[in-house]
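# Working through the structure, step by step
Chain residues, written in single-letter form:
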There are 4 protein chains.
Amino acid sequence: MNDMDGRRFRVHSDEVTKATHEALERRGVSVRDIAEIVYEMQVPYNDGLTMKHCIESVESVLKKREVQHALLVGIEMDELAEKGQLSRPLQQIVDSDEGLFGVDEMLGLGAVLTYGSIAVTTFGHLDKNKVGIINRLDTKTGEGVHTFLDDLVASVTACASSRIAHRTRDLEEEGKTYEDVSPEEVAPESHIDGAET
Amino acid sequence: MNDMDGRRFRVHSDEVTKATHEALERRGVSVRDIAEIVYEMQVPYNDGLTMKHCIESVESVLKKREVQHALLVGIEMDELAEKGQLSRPLQQIVDSDEGLFGVDEMLGLGAVLTYGSIAVTTFGHLDKNKVGIINRLDTKTGEGVHTFLDDLVASVTACASSRIAHRTRDLEEEGKTYEDVSPEEVAPESHIDGAET
Amino acid sequence: MNDMDGRRFRVHSDEVTKATHEALERRGVSVRDIAEIVYEMQVPYNDGLTMKHCIESVESVLKKREVQHALLVGIEMDELAEKGQLSRPLQQIVDSDEGLFGVDEMLGLGAVLTYGSIAVTTFGHLDKNKVGIINRLDTKTGEGVHTFLDDLVASVTACASSRIAHRTRDLEEEGKTYEDVSPEEVAPESHIDGAET
Amino acid sequence: MNDMDGRRFRVHSDEVTKATHEALERRGVSVRDIAEIVYEMQVPYNDGLTMKHCIESVESVLKKREVQHALLVGIEMDELAEKGQLSRPLQQIVDSDEGLFGVDEMLGLGAVLTYGSIAVTTFGHLDKNKVGIINRLDTKTGEGVHTFLDDLVASVTACASSRIAHRTRDLEEEGKTYEDVSPEEVAPESHIDGAET
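Below you will find a few notes about this structure. Note that the coordinates shown come from a computational prediction; the quantities given were computed from them, not determined experimentally.

### Re the overall build of chain A
Within chain A, the regular secondary structure consists of 10 helices and 0 strands. Mapped in sequence order, the helices and strands of chain A form the string α-α-α-α-α-α-α-α-α-α. By the burial criterion, 66% of the 197 residues in chain A qualify as buried. Contacts spanning at least 24 positions in sequence make up 69% of the contacts within chain A whose residues lie at least 6 apart. Of the accessible surface of chain A, which amounts to about 6,800 Å², a share of 47% is contributed by carbon and sulfur atoms.

### Let's talk about the relation of the copies chain A and chain D
Mapping chain A onto chain D is achieved by rotating through 180 degrees and translating by 0.0 Å along the same axis, at an RMSD of 0.0 Å. Expressed as a symmetry operation, the mapping of one chain copy onto the other fits a two-fold axis. A shared binding surface is used by both copies, with 100% of the interface residues of chain A retained as interface residues in chain D.

### With respect to the relation of the copies chain B and chain C
The second copy of the chain is related to the first by a rotation about an axis and a shift along the axis. Between chain B and chain C, the superposition needs a rotation of 180 degrees and an axial shift of 0.0 Å, giving an RMSD of 0.0 Å. Comparing interface residues between copies, 100% of those in chain B also sit at the interface in chain C, which points to an isologous, same-surface contact.

### With respect to the interface of chain A and chain D
Taken together, the 47 residues of chain A in the interface contact 47 residues of chain D. Regarding the contact of chain A and chain D, the summed buried area is about 4,000 Å², with carbon and sulfur atoms giving 61% of it. For Glu15(A), the salt bridge goes to Arg88(D), with nearest N and O atoms at 3.1 Å. Put simply, chain A and chain D have 8 residue pairs in polar contact (both at pLDDT 80 or more) between them. Among the elements of the structure, helix H1 (13–26), helix H4 (65–82), helix H5 (90–95), helix H6 (103–113) and helix H9 (149–173) of chain A are those that each provide at least two residues to the side of chain A that touches chain D. Of the residues forming the side of chain A that touches chain D, the biggest block, 9 residues, is contributed by H4(A). Of the residues that constitute the side of chain A that touches chain D, the class distribution is 19 nonpolar, 12 polar and 16 charged.

### As for the interface of chain B and chain C
The interface of chain B with chain C comprises 47 residues on the first partner and 47 residues on the second. With both sides pooled, the region where chain B packs onto chain C buries about 4,000 Å², and carbon together with sulfur makes up 61% of that total. On inspection of chain B and its partner chain C, the count reaches 2 salt bridges. Counting across the interface, chain B meets chain C through 8 residue pairs in polar contact (both at pLDDT 80 or more).

### Looking at the packing of aromatic side chains
For any pair of aromatic rings, the description consists of the separation of the ring centres together with the inter-plane angle of the planes. All names here are of chain B. Evaluation of the coordinates by the stated rule reveals 4 aromatic pairs over all chains. Residues Phe101 and Phe148 carry aromatic rings whose centres are separated by 5.7 Å and whose planes lie at 90 degrees to one another, so their mutual orientation is edge-to-face. Of the two residues, Phe101 is situated in the loop between helix H5 (90–95) and helix H6 (103–113) and Phe148 in the loop between helix H8 (132–139) and helix H9 (149–173); the sequence distance between them amounts to 47 residues. Accessibility classification places Phe101 together with Phe148 in one group, the buried group. A cation over a ring is seen here: Lys64 above Tyr115, with NZ or CZ 4.3 Å from the ring centre.

### A few points about the packing of H6(A) against H9(A)
Residue and element names in this part refer to chain A. The geometry of H6 relative to H9 is characterised by a closest axis approach of 8 Å and an angle of 15 degrees between their N-to-C directions. Accordingly, the angle class assigned to the pair H6 and H9 is roughly parallel. The crossing of H6 and H9 is right-handed. Residue-level inspection shows Asp104, Glu105, Leu107, Gly108, Ala111 and Val112 of H6 in contact with H9, the latter providing Asp151, Leu152, Ser155, Ala158 and Cys159. Each residue belonging to the contact of H6 with H9 can be placed in one class, and the counts come to 6 nonpolar, 2 polar and 3 charged.

What counts, and at which threshold
- Residues numbered from 1 in each chain as written.
- Chains lettered and ligands numbered in written order.
- Predicted model: local features only at pLDDT ≥ 70, side-chain atom pairs only at ≥ 80, totals over all residues.
- Heavy atoms only, no water.
- Helix = DSSP H or I, 4+ residues; strand = E, 2+ residues; numbered from the N terminus.
- Buried < 20%, exposed > 50% of the residue type's maximum accessible area, 1.4 Å probe, protein only.
- Contact = heavy atoms within 4.5 Å.
- Areas by Shrake-Rupley, 256 points an atom, 1.4 Å probe, with all protein chains shown as cover.
- Least-squares fit on C-alpha atoms with pLDDT ≥ 70 in both.
- Buried area = accessible area lost by both parts, 1.4 Å probe.
- Salt bridge = Lys/Arg side-chain N within 4 Å of Asp/Glu carboxyl O.
- Polar contact = N/O pair within 3.5 Å; in protein donor to acceptor, adjacent residues only side chain to side chain.
- Nonpolar A, V, L, I, M, F, W, Y, C, P; charged D, E, K, R; others polar.
- Phe/Tyr/Trp six-rings, centres within 6.5 Å; stacked < 30°, edge-to-face > 60°.
- Lys NZ or Arg CZ within 6 Å of the ring centre and 35° of its normal.
- Axes fitted to C-alpha atoms, helices over the stretch in contact; angles between N-to-C directions.
- Parallel < 35°, antiparallel > 145°, perpendicular 65-115°, else oblique.
- Left-handed = near helix turned anticlockwise from the far one by under 90°.

Right under this line is the structure:
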């Protein structure tokens, strides 16, 4: 890392955000796919929670630099592996979704930890007991390489779910539930510069 | 962890915030002490950065649940060790600030990671090359036990410093510097419920 | 942390190991309890795996400094909370096993990460879908505080399970299975000084 | 991650180890370069420590799967960036060694954490105050991309240094120093199957 180099050629955060969304879409993962898992996990604990709240939460997570960079690197690795463009033996390791690889989980873990250690157990649970889109990614081995993507989608899901759990507590302290808040209010930082970190 | 137990007896976040500030004060650490290190680290890269911006950044970090809980546990351990109330051999391990203990760094690391992996190197640097208040805590061994506190203060400092680095980038993209923003704007999430996570 | 202070009063590692085993026993957790979960998790993938191999693996994990220190701190916190000796509001937070506490998971995570990021998902899974002794600890709320212990036992279980998964790979490469190795060989480092890290 | 897929096509660990050494060599980093930093950091605390002990420690670290995989992925990313083969905007981000990237530090952190949280501060220190080969990698921007490699070399250095610190403690407890042990004894696990994890 070098704080000063390359400042001139810096990529604008809007471009990174756009690239992240495009990459997910290209790999067959929609914000709604992720929000559905979040909804299932959180609705038992949250009166009035709607899919719209969950979609807003996923959108907020996808605005974080740490999350965006992990997704871009992971998806790049998967796509390079699909095209057979990695060098040996990395090509085979990624290709075969080798159980002891570990780099895929580490990238997912880094993103998860920005939501606190309490998001870690949700991440582990989702990564192990793959549900919804995470399962579809993990099993469509014939059609492509998703060695990184399943872990990263589990990570984004855990982040968005954890965000709601924190927000629930805040609402409780105000004597409110999700019925009292519009989806936009779930992610107030998305309307303010510099608060997303 | 249990999501449901004890909900009735839950402590309000205002009380936790208050306890965190009181604990730091009781242990001789002021927000200003921490902000001074942040200022020194960040001013070379930031035109117009003032102590007020740094104080706001530290205050924002100290509002995070993850940070508050780590501080409360760490300071409790230090204080119990000072009073000789830990059981053997933990009492001796904490007492002697045993170099291979590791739990103190782990608590600090957990808080740091909520600001992304880029805060980790700042944390490591501060923890190793102790400056300012961190050094004073580390060396006043005759007067008390600060086994956990020096690592936790290094952690809060790294968080607040990293917050400013992220904010700097946002400002750059808007064509602004810190000269253009009031300290309150540095921490906009502190005025909005539920956005602190 | 301070590398030099207190070297004179250092606690011998044998004493720390002994204290760790005593603490687990005092809290009603046996090595066998943990090994049973490890066995259940690993036997589907491992021909010839026996409880003895799993017990050896748990014993090896319990020799690691990082694991021992995390257990000693976590159990101390639980026991102090039971006796009502923590200060407010930490007493209530630990007492109620507050879902957003996070320090308990962080301690467990630190130990888990010494076995690589692949142990993290097992930890998350066990912490969420509590089985065996982990479930008993989590639910016996009437009889004591186990806010830290359930996470730490999940952590030790994940470590021991991950150790076996790594060892399985090594055996495969030699054309062997667990049927070919005695339990002692599973943990060769336990017979060698300084290799446990 | 998928435990079962691709088992047939699995790469042997010897091939991964060989590839790791070749990749480091190709990027201009020798085991000796790393061992020199380890020696400088550890010799003040260790009577009788020699370069040979340090070389053995680095070699041991480079046998760990977690470390090998992180190195292979990071070096692949650097080399692909050099050849301009990453997609936009990742190409620019890696090219410019963007200060807020974070994935490079995260990969380094994952490896470091397998040696416990105490290795984290050494990693942060080395990554920030680049010395020796780490500095040479960080500054030869004209000649190539080392966005990942400088962090990963800092990580391997921190691991090897931390290994020695742990070993020092073991020796102390036996009433010995490094003068009493041959370099081979520093890394006894390297002669035993399955103990390296």
